[in-house]
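This is what each chain is made of:
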Amino acid sequence: MDQSRIRNFCIIAHIDHGKSTLSDRLLEVTGTVESRKMKDQMLDTMDLERERGITIKLQPARMKYVQGGEEYELNLIDTPGHVDFGYEVSRSLAAVEGALLLVDSTQGVQAQTIANLYLAIEQDLTIIPVLNKIDLPNAEVERRAEEIIRLIGCTREDIILASGKTGVGVPEILERIVKDVPSPRGSREKPFRALIFDSKYDEYKGVVAYVRAVDGVLKKNQKIHFLATQADGDTLEVGYLKPQYTTNELMEAGEIGYIVTGLKDIGAVRVGDTIVLKQDVTPESKPEQLPGYKEVKPMVYAGIFPREGNEYERLRDALMKLRLSDAALSAEPEHSKALGFGFRCGMLGMLHLEIVQERLRREHNMEVVVTTPSVAYEVTKTDGTEEVIKSPLAFPDANHLASSREPWVTTDIVCPTEYIGNVMQLVQDRRGVFKTTDYYDPTRAVLHYDMPLSSVIVDFHDKLKSVSAGYASLSYEFIGYRTAPIVRMDIMVAEEPVAAFATLIHEDEAYRRGKEIVETLKDTLPRAQFVIKLQATVGAKIIASERIAAFRKDVTGYLYGGDVTRKMKLLEKQKKGKKRMMSMGVGSVEIPPDTFIKVLRRNTK
Ligand code: GTP
């Protein structure tokens, strides 16, 4: 297709503002997918996404669209809306020229709307504002339009009123995409270059790269080279997504499509990398890497271990496969005395961790134990060496530790003014440092805070929703490391440390968190025949403790009458038996899997 007839665009929106529904309508209206084949949310490919109604993976789709007798090729990339997936958003934005800025007319501009909009503006994208869900009776069109105008400085006429549900406004959206979004400006004469914005492992095809061709032409059966990873591959197949794979003869500058790379190695095809033709790479020169590539930095680390000790190999394979379609997941082997061999995995946030765990279960039939998530800390040891610590097991002893630093983020929280007090209280409890407040209008504000990342990752988002009746929204960005007294807290169950519960934590938070954990354990662990001591410790100091009373088998039940000393004797015997059991380790406490999950989720209240 002539480049002047190509339009590449994506949709940026806060979670649940209707991105997937609108994408479905676009596919339907352009006849890309027949209505009767339409499953709701065509572009959310994973079951998990469909169930939870959240977009995790991007799924590109090409549409044919005729306007004024001319045929156009529209390439849509769906983008994830959750805070954890900012990098994926930035990659898909780099692959397009325009973005629909979708705002739910009942909710208005939210934190992710702003965060994604800024990313789009950084990429110089043309923004088409759309107010969505106008079919709803509580849509506040004029008020929300004002917010958009204030945010991007457009006019009221620029804003399209639409409903992904009823299809209102959808034809106008298509018209505006053709009219406003610039066509791609690569050169087909130059050497081939393509940006990888996603990749996938397909059981039959091997590694498939989803790319935006920037310059040149690529055909089937050519040798290709990946500039960042230095890997070589072959184009076994090129084509585009409709959203299902559709093969094509070639791929040209300006187009969005897929390349079957002939590679089996998962690590070789990285999101953000540039694919070129092998023949263009010589010792003297090679095509330039496309801008915007950045190593994805995991924000959260947790140990993932097979529930069955002998399944380490299977876990390794499963994680390798997941990493292929998930550039943000990192994994390094880790060994723990209690949990055996497993991996220290780096992820973008808690939702990401949950998704990884769930995909291991569903796609690879792997049951795993996940240890308490933590951020990466920087430490300086007494001998002057510096280290990045991703696991409590690797944290130096107090007498080897000179100083420690923790990651901080800047956060924007959008919320209605009546909840500002609650939100401020919550953020202060989490060691947040207030910066400024901006007002959209008298009823809504954006609070700017700096916060330790560790305070944001675990359950902050849930808590924020609950203190604001669901109205507050959040976005955050890493800003750097700051000095903090970090300690390692151990949790002892029946005098034995449970490796999975060991955490690195700010000294001031250890008491509260230690208490929370032992209380959760008290409520969830089953009773044993002996008293179970539960303790949280930092070094040799016990900072919280609880105990679970023994349940006593009624060994005296069958006695009827007789001397009381008989009963006493039996009970004495039982006591001794229990002691013996414990000393043999028979009484050691087995921790059920759901207890791990409860503790990790902090479901204490
Ligand atoms: P993420 O993928 O999680 O970011 O969400 P999304 O933005 O893709 O939202 P999605 O399309 O899943 O829609 C969220 C909810 O809003 C669903 O329950 C939809 O049925 C509903 N919804 C979407 N668009 C409309 C609309 O135009 N009108 C009405 N009434 N409901 C809508």
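Keep in mind it's a predicted model, so treat the numbers as computed, not measured.

(A) Focus on the nonpolar core. L319, L360, I413 and F460 are the most contacted members of the largest nonpolar core, which totals 50 residues. Considering every element that reaches this core, the biggest residue donor is helix 7 (residues 312-325), with five residues. Excluding its chain neighbours within four sequence positions, the residues that come into contact with F460 are I413, L426, V427, R430, M451, S455 and L474. One finds I12, A139, F197 and I256 within the second-largest nonpolar core, a separate group that totals 36 residues.

(B) Examining helix 8 (residues 350-364) more closely. Between its terminal C-alpha atoms helix 8 stretches 20 Å, which fits the 21 Å expected from 15 residues at 1.5 Å a residue. Listed as buried for helix 8 are M350, L351, H352, L353, I355, V356, R359, L360 and H364. Immediately downstream of helix 8, the backbone of N365 shows phi near 55°, a positive value.

(C) The arrangement of the packing of helix 9 (residues 420-429) against helix 11 (residues 460-467) in detail. Their axes nearest at 9 Å, the elements helix 9 and helix 11 cross at an angle of 155°. Comparing the axis directions of helix 9 and helix 11 gives the class roughly antiparallel. As for the relative orientation of helix 9 and helix 11, their crossing is right-handed in sense. From helix 9, N422, V423, L426 and V427 reach across to helix 11, where they touch F460, K463, L464 and V467. A breakdown of the residues in the contact of helix 9 with helix 11 according to their chemical character gives six nonpolar, one polar and one charged.

(D) Molecular detail of the pattern of salt bridges. Counting across every chain of the model gives 41 salt bridges. With a shortest N-O distance of 3.0 Å, K390 and E332 are connected by a salt bridge. Taken as a pair, K390 in the loop between strand 22 (386-389) and strand 23 (401-416) and E332 in strand 18 (residues 330-336) lie far apart in primary sequence, 58 residues in all. Taking relative accessible area as the criterion, K390 reaches 24% and is therefore assigned partly exposed. Residues participating in the shared-partner salt-bridge network are E406, R431, E509, R512, R513 and E516.

(E) Up close: the side chain of E334. Position of E334 among the secondary structure elements: in strand 18. Within the local environment of E334, its side chain forms a polar contact with the side chain of S391, the two groups lying 2.9 Å apart. Excluding residues within four positions of it along the chain, E334 makes contact with G303, F305, G340, F341, G342, F343, R344, S391 and L393.

(F) Geometry of the side chain of H225. Along the chain, H225 turns up in strand 10 (residues 223-226). Residue classification places H225 among the buried residues on the basis of a relative accessible area of 9%. Polar side-chain contacts of H225 include one of 3.3 Å to the backbone oxygen of A231. Dropping the residues within four chain positions of it, H225 is found in contact with Q230, A231, D232, T274, I275, V276, K278 and V281.

(G) Region of the structure containing the environment of E142. Residue position: E142 is located in helix 5 (residues 141-152). Accessibility expressed as a relative area gives 49% for E142, which makes it partly exposed. With eleven residues separating them in the primary sequence, E142 and L131 have C-alpha atoms 9.9 Å apart. A distance of 3.0 Å separates polar atoms of two side chains, one belonging to E142 and the other to R156.

(H) Representation of the sheet that holds strand 13 (residues 245-248) in the model. Pairing is antiparallel in the open sheet, where eight strands are placed in the order 11-10-16-7-8-15-12-13. The open sheet has two edge strands with one neighbour each: strand 11 (232-234) and strand 13. On average, adjacent strands in this sheet sit at an angle of 40° to one another, irrespective of strand direction. The pairing of strand 8 (residues 206-215) with strand 15 (residues 256-260) spans five bridges and is antiparallel. Bridging across to strand 15, A209 finds its partner in I259.

(I) Just the confidence of the model for the protein, in detail. Residues of the protein with pLDDT of at least 70 account for 86%, and the chain-wide mean is 84. Contacts from residues 581-587, a stretch scored under 50 in pLDDT, to residues over four places away or in other chains number six contacts.

About the thresholds
Residues numbered from 1 in each chain as written. Predicted model: local features only at pLDDT ≥ 70, side-chain atom pairs only at ≥ 80, totals over all residues. Heavy atoms only, no water. Core = buried A, V, L, I, M, F, W, Y, C linked by side-chain atoms within 4.5 Å. Buried < 20%, exposed > 50% of the residue type's maximum accessible area, 1.4 Å probe, protein only. Helix = DSSP H or I, 4+ residues; strand = E, 2+ residues; numbered from the N terminus. Contact = heavy atoms within 4.5 Å. Expected span 1.5 Å × (residues − 1). Axes fitted to C-alpha atoms, helices over the stretch in contact; angles between N-to-C directions. Parallel < 35°, antiparallel > 145°, perpendicular 65-115°, else oblique. Left-handed = near helix turned anticlockwise from the far one by under 90°. Nonpolar A, V, L, I, M, F, W, Y, C, P; charged D, E, K, R; others polar. Salt bridge = Lys/Arg side-chain N within 4 Å of Asp/Glu carboxyl O. Polar contact = N/O pair within 3.5 Å; in protein donor to acceptor, adjacent residues only side chain to side chain. Pairing = 2+ DSSP bridges. pLDDT = per-residue confidence, 0-100.

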